Amino acid sequence: MNKKIQGETYTVDIHRLDEKGSGQAVVWRKNEEGNERKLKLTIPYTLPGEKVRVTVEQPQKRRWKSKSDEVLEKHAERIMAKCPHFELCGGCVWQHFSYEGQLEEKTNQVRNVLQLQGFDPSVVNKTIGMDEPWYYRNKMEFTFAADGSLGLHEQGNFRNIIPLETCFIMKKEMKDAVLEVAKWAKENELTGYEKEKREGLLRHLMVRMSFKTNEIMLAIFATEAPSSCVEELVHRIQKYFPQVKSLLWLENRNWADRTQAEETHLLLGRDFIYDELMGFRYRLWFDTFFQTNPVQAEKLVKLALEMAEPNASEKMIDLFCGVGTFSLPFANQVKKLAGIELVETSIQSAKRNASDNGMDNTYFLAKDARHGMDEVLTHFGKPDLLLVDPPRSGAGGKVMRRIGRSAPERIIYVSCNPASFATDIKELEPFGYTLKKVQPVDLFPHTYHVELVALLSRVEE
Ligand SMILES: C[S@@+](CC[C@H](N)C(=O)[O-])C[C@H]1O[C@@H](n2cnc3c(N)ncnc32)[C@H](O)[C@@H]1O
């Protein structure tokens, strides 16, 4: 790559958004030999159809990341961002895009990737958005800077922490409790952990809240056991934040920057909070994976139920079941359900959640999807219905072919990545499955992420 390119300025037309929601443009540029060469640019915070003046910043794979200096012709759906941290915080990169515009773009993304794999894009419905696309997250994580201030990682400069002033995607009660911890840390002149020097006390703060029970958990990650100054924090939380039912101090001496714990100190309440989804009760520990947008997660589960039409005589497999978000509502309607999931603690949670909710027709197995499928098929037999909800990378060919061979009549695929979804379901074609319906759901407003639920059914020979 020619180093000289860095710092050059161009006026460009944005022709599309990439899979991370950034604008893409192409310019023709003469190289040192005088030959015209294509220069591919990625320009965050721009929208298709816009004319933008840009400065080229740094190479990224086969493209150059560039900064938008001025938008000369604006997209009709461009709006003012709501949050003062916009463009600095890596969180809500689409705040400059109207919510209607975001939803339309998400629908197009799903249609385009399916079309590329040869599927009929007309099976994709319009993305279901939120009535109120703010204050939707039930869990957030913040990082302490070396000087003890609490905030968010700066976009593109991960080591830099932007002190938190506000956040419009978590509930006010969560934000207020977080700011109280930040204030307490500053007043006590506590230091934040510096990874390079391996010194400092406070690492992260995780907040999670149930929108149904209103219970809040605050988990402080630190490199040492708590000192007496936490008594003041406990007192204030008890007095001003009665919704906090769990205040934890988690010791993590490991230098790797991860929200894990070697020792748990319970400062207040219990070590879990209660949550509810679709009328089922869940216990959430600090490390339990749970859907982070509970309003849309309920819609997702309801859609999956509507598409699957489970009945009381059927056997079902829930592959990548987590703590049982889909397993419980489905188990309520089928004869028997087997859930498979890699993470042992999630399986323990799923078992406990099933028994807490009085269910006796579930069987949960802690195994990777491939071996779990083999084991379940041997003991449980062929399923009538199968739900698959893999991580972003998708289930992969080996798992998809096992699903195909297990020949369920209907398959519900829940995905957070349309591209891996499209390649995965292609694997099902030789087994006689057709894609009947795809419903995108917006779980992460103001970001480029899109979730979807799809129905595939087997055509009998
Ligand atoms: C998108 S989450 C879905 C969880 C669950 N269905 C829910 O809605 O809460 C994907 C799940 O797959 C699990 N997982 C990741 N890799 C796996 C593998 N190879 N085999 C089985 N489960 C895996 C993760 O631990 C995670 O719980």
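Owing to the predicted nature of the structure, the values given are computational and were not obtained by experimental measurement.

Definitions and cut-offs
- Residues numbered from 1 in each chain as written.
- Predicted model: local features only at pLDDT ≥ 70, side-chain atom pairs only at ≥ 80, totals over all residues.
- Axes fitted to C-alpha atoms, helices over the stretch in contact; angles between N-to-C directions.
- Helix = DSSP H or I, 4+ residues; strand = E, 2+ residues; numbered from the N terminus.
- Parallel < 35°, antiparallel > 145°, perpendicular 65-115°, else oblique.
- Left-handed = near helix turned anticlockwise from the far one by under 90°.
- Contact = placed C-beta atoms within 7 Å.
- Nonpolar A, V, L, I, M, F, W, Y, C, P; charged D, E, K, R; others polar.
- UniProt positions renumbered as here; feature names shortened; annotations may be inferred.
- Buried ≥ 20, exposed ≤ 12 C-beta atoms within 10 Å, placed from the backbone.
- Pairing = 2+ DSSP bridges.
- Core = buried A, V, L, I, M, F, W, Y, C linked by C-beta atoms within 7 Å.
- Right-handed = clockwise from strand over helix to strand, strands pointing away.
- Domains from an automatic or database assignment.
- pLDDT = per-residue confidence, 0-100.
- Near = placed C-beta within 6 Å.
- Expected span 1.5 Å × (residues − 1).
- Arc of directions from axis to C-beta.

(A) Region of the structure containing the packing of helix H1 (residues 99-116) against helix H9 (residues 418-426). One way to put it is that H1 packs onto H9 with a least axis distance of 9 Å and a crossing angle of 30 degrees. When the axes of H1 and H9 are compared, the pair comes out roughly parallel. Where H1 crosses over H9, the two elements pack in a sense that is right-handed. Taken together, the residues of H9 that come into contact with H1 (itself represented by Gln 109, Val 110, Val 113, Leu 114 and Leu 116) are Pro 418, Ala 419 and Ala 422. Across the contact of H1 with H9, the residue classes break down as seven nonpolar, one polar and no charged.

(B) Examining the UniProt feature "binding site: S-adenosyl-L-methionine" (unreviewed entry) in the protein more closely. UniProt tags Gln 291, Phe 320, Glu 341 and Asp 389 as "binding site: S-adenosyl-L-methionine" (unreviewed entry). Setting aside residues up to four positions removed in sequence, Gln 291 forms contacts with Ala 297 and Thr 325. Relative to the elements of secondary structure, Phe 320 occurs in the loop between strand S16 (315-319) and helix H5 (327-331). Here Phe 320 falls in the buried class, since 22 other C-beta atoms lie within 10 Å of it.

(C) Main features of the pairing of strand S11 (residues 216-222). In terms of burial, S11 is a largely internal element, seven of the seven residues being buried. Burial along S11 is two-sided: Ile 216, Leu 218, Ile 220 and Ala 222 facing one way and Met 217, Ala 219 and Phe 221 facing the other are all buried. Bridging between strand S10 (residues 202-209) and S11 involves seven bridges; their strand directions are antiparallel. Bridge pairing in S11 places Met 209 opposite Ile 216. Linking S10 back to S11 in an antiparallel pair, the connection comprises six residues, with Asn 214 at a positive phi of about 65 degrees. The pairing of S11 with strand S12 (residues 244-251) spans seven bridges and is classified as parallel. Across the sheet, residue Met 217 finds its bridge partner in S12, namely Ser 246.

(D) Spotlight on the nonpolar core. Grouped together as the largest cluster of nonpolar side chains are 121 residues, with contacts concentrated most on Val 181, Leu 218, Ile 220, Ala 304, Leu 319, Ile 412 and Val 453. If near-sequence neighbours (up to four positions away) are discounted, Leu 319 is found in contact with Ile 340, Ala 369, Met 373, Leu 386, Leu 387 and Val 388.

(E) Molecular detail of the pairing of strand S18 (residues 362-366). Taken together, the five bridges between strand S17 (residues 336-341) and S18 define a ladder with parallel strand orientation. Across the sheet, Ile 340 pairs through a bridge with Leu 365, a residue of S18. Handedness of the β-α-β unit built from S17, helix H6 (residues 344-356) and S18 comes out right-handed.

(F) Highlighting the domain arrangement of the protein. What the domain assignment lists for the protein is domain 1 (3-75), domain 2 (103-131 + 291-458) and domain 3 (139-279). Here the C-alpha centre of domain 2 lies 38 Å away from the C-alpha centre of domain 1.

(G) Seen up close, the confidence of the model for the protein. Of all residues in the protein, 98% attain a pLDDT of 70 or more, and the chain-wide mean is 94. Interface confidence for the predicted complex, expressed as ipTM, amounts to 0.99; the pTM equals 0.91.

(H) View of the site of the ligand. Around the ligand sit 18 residues, and of these Phe 320, Gly 322, Thr 325, Leu 342 and Ala 369 come closest. Classifying every residue of the shell around the ligand by side-chain character gives eleven nonpolar, four polar and three charged.

(I) The sheet that holds strand S7 (residues 139-144), seen in detail. If you walk across this open sheet you meet the seven strands as S9-S8-S7-S10-S11-S12-S13, and the pairing is mixed. Strands with a single pairing partner mark the edges of an open sheet, and in this sheet they are strand S9 (157-163) and strand S13 (263-269). On average, each strand axis in the sheet is tilted by 30 degrees relative to the strand beside it, whichever way the strands run. Helix-sheet contacts for helix H2 (residues 172-187) involve S7, strand S8 (150-154), S10, S11 and S12, and the interaxial angle to S10 is about 160 degrees. Across the sheet, helix H3 (residues 230-240) is in contact with S12 and S13; its angle to S13 comes to roughly 40 degrees.

(J) Quick peek at the environment of Asn 332. On the secondary structure map, Asn 332 appears in the loop between H5 and S17. Judged by the 17 C-beta atoms lying within 10 Å of it, Asn 332 falls in the partly exposed class. Each C-alpha atom of the pair Asn 332 and Ala 25 lies 51 Å from the other, and the pair is 307 residues apart in sequence.

(K) Spatial organisation of H6. Here H6 contains 13 residues, and its C-alpha end-to-end distance of 18 Å stays within 8% of the 18 Å for a straight helix at 1.5 Å per residue. Buried within H6 we find Ser 346, Ile 347, Ser 349, Ala 350, Asn 353 and Ala 354. Down the axis of H6, the smallest arc covering the buried residues is 160 degrees, so these residues share one side. Seen from the open side of H6, the exposed residues pointing more than 90 degrees away from its buried face are Glu 344 and Ser 355. In this fold, the buried residues of H6 make contact with strand S15 (280-284), H5, S17 and S18. Where H6 terminates, the next one or two residues include Gly 358, which has phi positive at roughly 70 degrees.

(L) Broad picture of the UniProt feature "active site" (unreviewed entry) in the protein. This chain's UniProt record puts "active site" (unreviewed entry) on Cys 416. As for its placement among the helices and strands, Cys 416 is situated in the loop between strand S20 (410-415) and H9. Other than its neighbours up to four places away in sequence, Cys 416 contacts Arg 392, His 449 and Glu 451.

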